[in-house]
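An overview of the molecular structure
Each chain is listed here by its residues.
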Amino acid sequence: MEAVKNGRTALDYGILGLYAFCALEIEFLLILFIEPYAFSSVNDPTLYCCLHWGLSALLQAGAAAVLWIVGKRRYAFDIFSCHTRPQRRFLLIALGLCLLGIGYNYLSCGEWMLAYKLRVLTPVEFVFQYLVYLTKAALMLFLIAFGQKAGEIKKHGSRAPWGGFLAGALWGLFQLLTVQDLLTGILSCVVCVVYGVVYLLVNKNVRYAYPLLVLMIGL
């Protein structure tokens, strides 16, 4: 019914989710196509890292702002519109699921990721690295929110974690193609579904979902 009211279909929101995924890969695109030319004269590793992460965070934040404006004005969908507080038991479950996201990061780094980053990065590099994690969490939230909207329209209000499924399919496939490791691809898919479940557990309230995503991505 909602799709009829605003003239938008599940495919429209799915495409917005795809845009959010493309914005998530800005950092990867910079490494491949921009930085070898733009930063070729930068020899200091710290400066190079800060320029890379700073530009990535700036572009990703801009992409998130554009997605919010387009979603709100052209698609009548504002992810900030939900103010319903989650029930305490569901919030506790969501916090418990955060451990799965943190565990995925542990497997990727071989230790607690925050400790790893503090050990291998300078203080300035650490700040810029976590700016990227903040913007990545925002874009992942948009990807999940648009995917969830698309799934609910297509399946007439079904509360399955459609946003997590979409994020898992896209992110898992990307990890599989770039890292070329089947286990990494599967785990990436699973953890994205967990992100989608957390989004539903907190009633799609961004004020809760975003900090939890930051924890899962950055810890």
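Scroll up a little and you will see the structure.
Reading the values: rules and limits
- Counting of residues starts from 1 at the beginning of each chain's written sequence and follows it residue by residue.
- Note on the predicted model: pLDDT of at least 70 is required for a residue's local features to be given, and 80 or more for side-chain atom pairs to be given and counted; whole-chain, interface and lining totals, by contrast, use all residues.
- Hydrogens are left out, water is left out, and the side-chain values use all remaining heavy atoms of the structure.
- Pairing of aromatic side chains requires ring centres within 6.5 Å, counting the rings of Phe and Tyr and the six-membered ring of Trp. Pairs whose planes differ by under 30 degrees are stacked, by over 60 edge-to-face, and all others tilted.
- The way it works is that DSSP assigns letters per residue, a run of H or I at least four long becomes a helix, a run of E at least two long becomes a strand, and they are numbered from the N terminus.
- Buried, partly exposed and exposed residues are distinguished by accessible area as a fraction of the type maximum, computed with a 1.4 Å probe on protein chains only: under 20%, between the cut-offs, and over 50%, respectively.
- A ring is considered to have a charge above it if a Lys NZ or an Arg CZ atom is located within 6 Å of its centre and within 35 degrees of its normal.
- Among buried residues, those of type Ala, Val, Leu, Ile, Met, Phe, Trp, Tyr and Cys that are joined through side-chain atoms within 4.5 Å constitute a nonpolar core.
- Here a residue-residue contact requires only that any non-hydrogen atoms of the pair lie within 4.5 Å.
- For this analysis, a salt bridge means a side-chain nitrogen from Lys or Arg found within 4 Å of a carboxyl oxygen belonging to Asp or Glu.
- Cavities and pockets were defined on a 1 Å grid built from protein atoms only: a cavity is a group of points that admits a 1.4 Å probe but offers it no way out, a pocket is an open group of points flanked by protein on both sides within 12 Å along at least five of seven lines, and a lining residue is one with an atom within 4 Å of any such point.
- Grid points are joined across faces, edges and corners, and a volume is the space filled by probe spheres set on the points.
- Polar here means any residue other than Ala, Val, Leu, Ile, Met, Phe, Trp, Tyr, Cys and Pro, which are nonpolar, and Asp, Glu, Lys and Arg, which are charged; Gly is therefore polar.
- Between the N-to-C directions of two axes lies an angle of 0 to 180 degrees, each axis being a line fitted to C-alpha atoms and, for a helix, fitted only over the stretch in contact.
- The cut-offs work like this: below 35 degrees is roughly parallel, past 145 is roughly antiparallel, 65 to 115 is roughly perpendicular, and the gaps in between are oblique.
- If you view the pair so one helix is near and one far, a crossing is left-handed when the near helix is turned anticlockwise from the far one by less than a right angle, and right-handed when it is turned clockwise.

1. Considerations on the packing of aromatic side chains
Scanning all chains against the criterion turns up 12 aromatic pairs. Considering the side-chain rings of F77 and F146, the 5.7 Å spacing of their centres and the 55° angle between planes classify their relative orientation as tilted. Residue F77 is found in the loop between helix 4 (45-73) and helix 5 (88-109), and its partner F146 is found in helix 7 (residues 123-154); the two are separated by 69 residues along the sequence. The residues F77 and F146 share a single accessibility class, namely buried. An aromatic cluster of three or more residues is present, and its members are Y13, Y75, F77, F142 and F146. One Lys or Arg, R8, reaches over the ring of Y75 and ends 4.1 Å from the middle of that ring. Here the basic side chain of K149 rests over the ring of Y13, its NZ or CZ set 5.9 Å away from the ring centre.

2. Observations concerning the nonpolar core
Judged by nonpolar contacts, the single largest core of 58 residues is most densely connected at Y13, M140 and Y195. The greatest single-element share of this core, amounting to 16 residues, is contributed by helix 7. Not counting chain neighbours up to four residues away, the residues in contact with Y195 comprise M140, I144, L213, M216 and I217.

3. Notes on the pattern of salt bridges
Under the definition given, this model contains three salt bridges. The shortest N-O distance in the salt bridge between E111 and R119 comes to 2.3 Å. Residue R119 is classed as exposed on the basis of its relative accessible area, which comes to 55%. Of the charged contacts, one joins K204 and E152 as a salt bridge, the two residues approaching to 2.8 Å between their closest N and O atoms. Note that K204 is positioned in the loop between helix 9 (182-201) and helix 10 (206-218) and E152 in helix 7, a separation of 52 residues in sequence. Residue classification places K204 among the buried positions, given a relative accessible area of 19%.

4. Looking at the layout of surface pockets
When its volume is computed, the largest pocket comes out at roughly 820 Å³. What lines the largest pocket is a set of 29 residues, and nearest its centre among them are Y104, Y133, K136, W171 and Q175. For the lining of the largest pocket, the secondary-structure elements that each account for two or more residues are helix 3 (26-38), helix 5, helix 6 (113-120), helix 7, helix 8 (162-179) and helix 9. No other element matches helix 9, which puts six residues into the lining of the largest pocket. For the lining of the largest pocket, the class distribution of residues is 18 nonpolar, six polar and five charged.

5. Quick word on the side chain of Q60
Assignment of secondary structure puts Q60 in helix 4. Q60 sits in the buried class, given a relative accessible area of 0%. Setting aside its immediate chain neighbours within four residues, Q60 contacts A23, L24, I26, E27, V132, T135, K136 and L139.

6. What about the environment of P86?
Mapped onto the fold, P86 is located in the loop between helix 4 and helix 5. Using a relative accessible area of 11% as the deciding quantity, one classes P86 as buried. On a C-alpha basis, the gap between P86 and L200 in space is 9.3 Å, while along the polypeptide they are 114 residues apart. The contact partners of P86, leaving out residues within four places of it in the chain, are L91, L201, V202, N203 and Y208.

7. Section: the packing of helix 8 against helix 9
Relative orientation of the contacting elements helix 8 and helix 9 amounts to 160°, with a least axis distance of 7 Å. It follows from the interaxial angle that helix 8 and helix 9 lie roughly antiparallel. You can see that helix 8 and helix 9 cross each other, and the crossing is right-handed. On helix 9, the residues that touch G164, F165, A167, G168, A169, W171, G172, Q175, L176 and V179 of helix 8 are L182, T184, G185, S188, C189, C192, V193 and G196. The class makeup of the residues in the contact of helix 8 with helix 9 is 10 nonpolar, eight polar and no charged.

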